[in-house]
Amino acid sequence: MRYEMTSASSVEPRESCGLFGIFGDAEAVQKTYFGLHSLQHRGQESAGIASSDGEFIRCYTGMGQVSRVFRSGSGLLEKLAGASANPIAIGHVRYSTTGSSSPVNSQPLLSEYSYGQVAVAHNGNLINAQLLRDEYEAYGSIFKTTSDTEVITHLLAKPTHVSNPDSLAHILNHLQGAYSLLFLFADRIEAARDPYGIRPLCVGQTEKGSYVVASESCAFDLVGAKFIREVEPGEIVRLDEKGLSSRFFVKPGTVTPAHCIFEHIYFAKQNSLLFGENVHEFRKKLGRGVAIEHPVDADVVIPVPDSGTSAAIGYAEQSKLPFDMGLVRSHYIGRTFISPDQKLRELEVKLKLAVVKEAVAGKRIVVVDDSIVRGTTTRGKIRTLRQAGVKQIHMRVSCPPLRFPCFYGVDFPTKEELLANNRNLEQIKEFLEVDSIGYCSLEGLLSCASLPAESYCTACWTGKYKIPVDVAMNKFALER
Ligand code: SF4
């Protein structure tokens, strides 16, 4: 059975997807299921697993969170494991950045062509998908989805590409944009990362020696695997019976990376290792930096949970102010909760975040959040805090003002909808109804990172896109 849901327009930026794969493990399907659970924060619209016994690939995808798609008692995991305990599997959780949220766009995307079967799982956004699709359609190709990922299977199937000695490396050179990809062929997994390394992808190994690959290392902990290393930008890592092997489809060192630093600020889980460092520690550093840049006389520091918590700890440490939980998040409301009008949206904010009155009433508080997108959600939180009797509210944000949309795999609102677009700090303060506002500076943000500043993408603050984009592009460009 498949479920269909629609998606609300994005109030918070949303990650595009999470990937997990494992080779040579009798519990590959079960482990993929658990791996996807730990990557659930990267996409909640659909989930899917494809498995192989070495000769034949089976695939199941559905709408909703992992536990809903592979619900207990459904027997789906057993069917995917098959009688021979299929030892190869990949999985995917999705939030749509190109194409609508619908069953047909859920992944892995299983196809069959002259070479055999292939299942593809993609995290990112191909900025030349429309162009490629137009070319194929002009020659009569039929597409069954409206997601950018499907052009990849058409590229693979093109006869002149199939005959190439390394057709995978060859076709990856046709793609532009952000892509971390898992390909499941009947006998192997191939994991690839775009030459800019925009979205994360890493490799690990279980105690029994099976190789695993995932968007974030937090997925390894749950399946008893250890982080080995990141897949390098422009690299293909192959997992097969011989073990792990690597090749590059772009000469290493010829492209300056553009790692998405927003992964560190907002998307990734605190226990993940990303671009060489731990996410929680990075966020604490950001919080300390904001406290130095924007000190304030206050009684207590409170985070907007969950992604603002680490930065708030850093702010409290640096400012020597007490830290408290003035807001608590309900984890039972998914990100796909739909708010059709403003009144219900305010109710949604209250449902998601409840105020602990005893922690904040009568106090001057510093509220630390990771980012502000449209500002309506933040203003809702501020109003709820005022109603609880807070004396002063000082808003601190652990990234610079977001002014430009993302075209590399994060679903942002349009430029016009972003709070900081065409508003100065005073106007932002008035909109949010706070007593003061302080954002982390871009220099402050980059100084917290372990890699050189030029290794990161910062386009949503600067408007400087390292891979040129058509700014008129939208996520439904491939819908008819
Ligand atoms: S534009 Fe922003 S969210 Fe998108 S990849 Fe760059 S840093 Fe990340």
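You'll find the structure just up there.
Bear in mind that the values here come from a model prediction, so they are computed numbers and not experimental data. The written sequence of each chain sets the order in which its residues are numbered from 1. Local features in a predicted model are, by the rule used here, given only for residues with pLDDT of at least 70; side-chain atom pairs are given and counted only at 80 or more, and totals for whole chains, interfaces and linings are based on all residues. Side-chain figures throughout are based on the complete set of non-hydrogen atoms in the structure, without hydrogens or water.

**With respect to the sheet that holds strand E18 (residues 300-303)**
Reasoning step 1: We call two strands paired when DSSP finds no fewer than two bridges between them. A helix here means a DSSP run of H or I that spans at least four residues, while a strand means a run of E at least two residues long, and both kinds are numbered starting from the N terminus. Taking strand neighbours across the sheet as the criterion, the 4 strands line up as E18-E21-E22-E24 in an open arrangement whose pairing is parallel. The outermost strands of the open sheet, each flanked by one partner alone, are E18 and strand E24 (436-439). Strand after strand, the sheet turns through a mean of 20° between neighbouring axes, direction not considered.
Reasoning step 2: By the bridge criterion, 4 bridges tie strand E22 (residues 392-397) to E24 in an arrangement that is parallel. Axes here mean lines fitted to C-alpha atoms, for a helix over just the part in contact, with angles spanning 0 to 180 degrees between N-to-C directions.

**What to know about the packing of helix H4 (residues 129-138) against helix H5 (residues 150-157)**
Reasoning step 1: The geometry of H4 relative to H5 is characterised by a closest axis approach of 10 Å and an angle of 50° between their N-to-C directions. As the angle between them shows, H4 and H5 are arranged oblique. Pair H4 / H5 crosses with left-handed handedness. Across the interface between the two elements, Ala129, Leu132, Arg133 and Tyr136 from H4 touch Val151, His154 and Leu155 from H5.
Reasoning step 2: Any residue that is not Ala, Val, Leu, Ile, Met, Phe, Trp, Tyr, Cys, Pro, Asp, Glu, Lys or Arg is counted as polar, Gly included; the first ten are nonpolar and the last four charged. Of the residues assigned to the contact of H4 with H5, the class counts are 5 nonpolar, 1 polar and 1 charged. The scheme is simple: roughly parallel for angles under 35 degrees, roughly antiparallel for over 145, roughly perpendicular for 65 to 115, oblique for anything else. Here is the rule for handedness: rotate from the far helix to the near one, and if that takes an anticlockwise turn smaller than a right angle the crossing is left-handed, while a clockwise turn gives right-handed. Residues are treated as being in contact if the distance between any of their heavy atoms lies within 4.5 Å.

**Comments concerning helix H10 (residues 279-293)**
Reasoning step 1: Given a helix with a known number of residues, its expected span is that number minus one, times 1.5 Å. With 15 residues, H10 ought to run about 21 Å at 1.5 Å a step, and its terminal C-alpha atoms sit 21 Å apart, in line with that.
Reasoning step 2: Along H10, the residues classified as buried are Val279, Phe282, Arg283, Lys284, Leu286, Gly287, Gly289, Val290 and Ala291.
Reasoning step 3: Residues adjacent in sequence count toward polar contacts only when both atoms are side-chain atoms; beyond that, a polar contact is any pair of N or O atoms within 3.5 Å, and within protein one must be able to donate a hydrogen and the other to accept it. Between the side-chain oxygen at the start of H10 and the backbone nitrogen of His280 there is a gap of 3.1 Å, and the oxygen is on Asn278. Classification of residues uses two cut-offs on accessible area relative to the type maximum, computed with a 1.4 Å probe and protein chains only: under 20% is buried, over 50% is exposed, and between them is partly exposed.

**Observations concerning a nonpolar patch on the surface**
Reasoning step 1: On the surface, a cluster of nonpolar side chains totalling about 220 Å² of accessible area is made up of Phe323, Met325 and Val328.
Reasoning step 2: Looking at the secondary structure, you find Met325 in the loop between helix H11 (309-319) and strand E19 (327-329).
Reasoning step 3: A residue is classified by how much of its surface remains accessible, and Met325, at 31% relative accessible area, is partly exposed. Candidates for patches are residues over 30% relative accessible area with no salt bridge; among them, like charges are joined within 9 Å and nonpolar side chains (Val, Leu, Ile, Met, Phe, Trp, Tyr) within 5 Å. For the area figures, the Shrake-Rupley method with a 1.4 Å probe applies, and any residue is considered shielded solely by the protein chains shown. Think of a salt bridge as a Lys or Arg side-chain nitrogen and an Asp or Glu carboxyl oxygen that are within 4 Å of each other.

**Digging into the packing of aromatic side chains**
Reasoning step 1: Only Phe, Tyr and Trp rings take part, Trp by its six-membered ring, and two of them pair if their centres are within 6.5 Å. Stacked means planes under 30 degrees apart, edge-to-face means over 60, and tilted covers everything else. Per the stated rule, a full pass over the model turns up 15 aromatic pairs.
Reasoning step 2: Note on criteria: charge over ring means Lys NZ or Arg CZ within 6 Å of the ring centre, with the direction from the centre no more than 35 degrees off the ring normal. The cationic tip of Arg379 hangs over the ring face of Phe431; the distance from NZ or CZ to the ring centre is 4.2 Å.

**Quick word on the sheet that holds strand E13 (residues 235-240)**
Reasoning step 1: Reading across the sheet, the 6 strands line up as E6-E7-E8-E9-E13-E14 and stay open at both edges, with antiparallel pairing between neighbours. Each of the sheet's edge strands pairs with one partner strand only, and the pair in question is strand E6 (109-113) and strand E14 (243-248). Neighbour to neighbour, the strand axes of the sheet diverge by 20° on average, direction disregarded.
Reasoning step 2: Relative to E13, strand E9 (residues 188-193) is paired through 4 bridges, and the arrangement is antiparallel. The residue bridging Ala192 from the neighbouring strand is Ile236, located in E13.

**Examining unusual backbone geometry**
Reasoning step 1: Here the bond from Gln107 into Pro108 is cis, since omega is 5°, no more than 30 degrees from zero.
Reasoning step 2: Locating Pro108 in the fold gives a position in the loop between strand E5 (88-94) and E6.
Reasoning step 3: Cis geometry is found at the peptide bond from Pro305 to Asp306, where omega equals 0°.
Reasoning step 4: Its place among the elements puts Asp306 in the loop between E18 and H11.
Reasoning step 5: Positioned with a positive phi, Lys320 is a non-glycine residue whose angle comes to about 60°.
Reasoning step 6: Here Lys320 shows up in the loop between H11 and E19.
Reasoning step 7: At Glu433, a position not held by glycine, the phi torsion is positive, near 65°.
Reasoning step 8: The topology assignment puts Glu433 in the loop between helix H15 (425-432) and E24.

**Description of the packing of H10 against H11**
Reasoning step 1: At a minimum axis distance of 6 Å, the contact between H10 and H11 shows a crossing angle of 45°. Judged on the interaxial angle alone, H11 and H10 are oblique. Relative to H11, H10 is oriented so that their crossing is right-handed. Seen from H10, the contacting residues are His280, Arg283, Lys284, Gly287, Arg288, Val290, Ala291 and Ile292; seen from H11, they are Ser310, Ala311, Ile313, Gly314, Tyr315, Glu317, Gln318 and Ser319.
Reasoning step 2: Partitioning the contact of H10 with H11 into residue classes produces 6 nonpolar, 6 polar and 4 charged.

**A word on the pairing of strand E7 (residues 116-126)**
Reasoning step 1: Along E7, 10 of the 11 residues are buried, which leaves the element largely enclosed by surrounding structure.
Reasoning step 2: Taken together, the 5 bridges between E6 and E7 define a ladder with antiparallel strand orientation. Its bridge partner being in E7, Leu109 is matched across the sheet by Val120.
Reasoning step 3: Once E6 ends, the chain turns through 2 residues before running back antiparallel as E7.
Reasoning step 4: Two elements, E7 and strand E8 (residues 177-185), share 9 bridges in a ladder whose sense is antiparallel. Looking at the pairing, Gly124 lines up with Tyr179 of E8.

It is worth stressing that arrangement in space is one thing and function is another; only the former is reported here.
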